[in-house]
Amino acid sequence: MGQVRAAPLWQSGLRCRCPRCGQGKLYAAYLKFAPGCTACGLDYGFADAADGPPIFAILVAGAFIVAAALFVEINYRPPFWLHAVLGLPLTLSLCLGMLPPLKATLFALQYRKQA
């Protein structure tokens with residue numbers, strides 16, 4: 001089996017670009033893959049990131065939120081309602097913000113490893 005030519009992982013994954021050329025947009029809408037790359041013509045029909053991106057987003061955001069909540073609790077001791085008011089929007093925004101680049105990175109890895 002031949003080696004698959006691929007764009008650098010940071011270029012395709014973090015910028016949400018085509019895993020082959022690194023130029024074409026990967027998404028047609030939020031988390032919805034485009035049918036194919038407009039630059040090189042790669043068909044995105046094989047794309048299946050499954051449950052990986054949400055799991056990684058939850059783990060990373062959860063670790064950050066718990067560390068931040070512990071820091072704030074130990075140093076400032078705010079009431080619990082303030083933790084909820086600050087923590088819930090921060091958790092949602094972190095998770096939703098990390099999903100597109102994580103999904104694109106896993107898609108680029110899938111392309112690179114021919115999975």
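Analysis parameters
Residues numbered from 1 in each chain as written. Predicted model: local features only at pLDDT ≥ 70, side-chain atom pairs only at ≥ 80, totals over all residues. Heavy atoms only, no water. Helix = DSSP H or I, 4+ residues; strand = E, 2+ residues; numbered from the N terminus. Expected span 1.5 Å × (residues − 1). Buried < 20%, exposed > 50% of the residue type's maximum accessible area, 1.4 Å probe, protein only. 1 Å grid on protein atoms, 1.4 Å probe; cavity = no way out; pocket = protein on both sides within 12 Å on 5 of 7 lines; lining within 4 Å. Points joined across faces, edges and corners; volume = space filled by probe spheres on them. Nonpolar A, V, L, I, M, F, W, Y, C, P; charged D, E, K, R; others polar. Core = buried A, V, L, I, M, F, W, Y, C linked by side-chain atoms within 4.5 Å. Contact = heavy atoms within 4.5 Å.

Comments concerning helix α3 (residues 80-112)
- Look at α3: 46 Å from first C-alpha to last across 33 residues, which is about the 48 Å you get at 1.5 Å a residue.
- Within α3, the full set of buried residues consists of Gly87, Cys95, Leu99, Pro100, Lys103, Ala104, Thr105, Phe107, Ala108, Gln110 and Tyr111.
- Positioned one or two residues after α3, Gln114 has a phi angle of 55°, which is positive.

A word on the layout of surface pockets
- Of the voids in this model, the largest pocket is the one considered here, and its volume is about 160 Å³.
- In terms of lining, the largest pocket is formed by Ile65, Ala68, Ala69, Val72, Pro78, Leu82, His83, Leu86, Gly87 and Leu90.
- Only α2 (52-76) and α3 provide two or more residues apiece to the lining of the largest pocket.
- Looking at the lining of the largest pocket, the element that brings in the most residues is α3, giving 5 residues.
- Taken together, the residues of the lining of the largest pocket break down into 8 nonpolar, 2 polar and no charged.

Brief notes about the side chain of Ser12
- Checked against the element boundaries, Ser12 lands in helix α1 (residues 9-14).
- For Ser12, a relative accessible area of 0% corresponds to the buried category.

Quick look at the environment of Ala63
- One can find Ala63 in helix α2.
- Sequence spacing of Ala63 and Lys113 is 50 residues, and the spatial spacing of their C-alpha atoms is 29 Å.

Some details on the nonpolar core
- In this structure, Leu26, Tyr27, Phe33, Leu42, Tyr44 and Phe107 are the most contacted members of the largest nonpolar core, which totals 13 residues.
- Looking at which element gives the most residues to this core, the answer is α3, with 3 residues.
- Contacts of Phe107, omitting those with residues within four sequence positions, involve Pro19, Leu26, Phe33, Tyr44, Phe46 and Ala47.

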